[in-house]
Amino acid sequence: MHRVVGAPVDSRVTHTGWATGPDEPPLVPARPVRLGRSRPGPGPRPQGTAFTRWALVPRLTGRAGGTSVHVSLASLTAASAPGPLSEAVREIRVDEAAIEAGWADGGARTRITFDPVEVGPAQR
């Protein structure tokens, strides 16, 4: 997640995952939750990484302007077939001051606030 403050109109916000080789699946499939006008897709990195000469990076891009909050979900797992990201959370609420997520695995909730910056369990 990102909170952008004072951005010029039509600035670009990009969320990315882990780089992989061109014949490998993306390691972090991302899903936009709130990312302006989102455009998913891999971004080529012709300079590659330490492990491959040419890499692909999963990315989501959106537009920002003024103060805005941008959120995406990503899977950080070594599983060959991770579950759908849409099943990871029950609910996500986003506003200019905070993000609150209700996780699907038992009802835990996380709250992230911006002023002051804090991450912790959400109050019920």
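Cut-offs applied
Residues numbered from 1 in each chain as written. Predicted model: local features only at pLDDT ≥ 70, side-chain atom pairs only at ≥ 80, totals over all residues. Heavy atoms only, no water. Salt bridge = Lys/Arg side-chain N within 4 Å of Asp/Glu carboxyl O. Buried < 20%, exposed > 50% of the residue type's maximum accessible area, 1.4 Å probe, protein only. Helix = DSSP H or I, 4+ residues; strand = E, 2+ residues; numbered from the N terminus. Polar contact = N/O pair within 3.5 Å; in protein donor to acceptor, adjacent residues only side chain to side chain. Pairing = 2+ DSSP bridges. Axes fitted to C-alpha atoms, helices over the stretch in contact; angles between N-to-C directions.

*Asks:* Would you mind showing me how to read the pattern of salt bridges here?
*Replies:* Oppositely charged side chains can pair when the atoms bearing their charge come close. This structure, assessed with the given rule, holds five salt bridges. In this structure, Glu100 and Arg109 form a salt bridge, with 3.0 Å as the shortest nitrogen-oxygen distance. Of the two residues, Glu100 and Arg109, neither departs from the other in class, the shared state being buried. For the salt bridge of Arg111 with Glu100, the shortest nitrogen-to-oxygen distance reads 3.2 Å. In this pair, Arg111 sits in strand 7 (residues 109-114) while Glu100 sits in strand 6 (residues 98-103), placing the two residues 11 residues apart along the sequence. Residue class for Glu100 comes out buried when judged on its relative accessible area of 8%. Connected through salt bridges with shared partners, the residues Glu91, Arg93, Glu100, Arg109 and Arg111 form a single ionic network.

*Asks:* What is the right way to read the side chain of His70 from this model?
*Replies:* Examined against the element boundaries, His70 turns out to sit in strand 4 (residues 55-74). Judged by its relative accessible area of 2%, His70 is buried. A polar contact of 2.7 Å, which involves the side chain of His70, links it to the side chain of Ser68.

*Asks:* Looking at this structure, how should I read the sheet that holds strand 8 (residues 117-121)?
*Replies:* By definition, the strands of a sheet pair up through backbone hydrogen bonds, in either a parallel or an antiparallel sense. As summarised here, the arrangement of the four strands in space is 5-6-7-8, forming an open sheet in which the pairing is antiparallel. Strand pairing shows two members of the sheet lacking a second neighbour, strand 5 (89-94) and strand 8, which therefore form its edges. Strand-to-strand twist across the sheet, computed as the mean angle between neighbouring axes with direction ignored, equals 10°.

*Asks:* When you look at the pairing of strand 5 in this model, what are you seeing that I'm missing?
*Replies:* Every regular strand shows the same layout, with side chains that alternate between the two sheet faces. Relative to strand 6, strand 5 runs antiparallel, the two being bridged by five bridges. Residue pairing in the sheet places Val94 in a bridge with Ile99 of strand 6. Counting the residues between successive antiparallel strands, the hairpin from strand 5 to strand 6 contains three residues.

*Asks:* I would appreciate a short explanation of unusual backbone geometry in the present structure.
*Replies:* Geometrically, the link from Asp115 to Pro116 is a cis peptide bond, its omega value of 10° lying close to zero. Mapped onto the elements of the fold, Pro116 is located in the loop between strand 7 and strand 8. Positive phi, close to 65°, is recorded for Asp10, a residue that is not glycine. Counting through the fold element by element, Asp10 comes out in strand 1 (residues 2-16).

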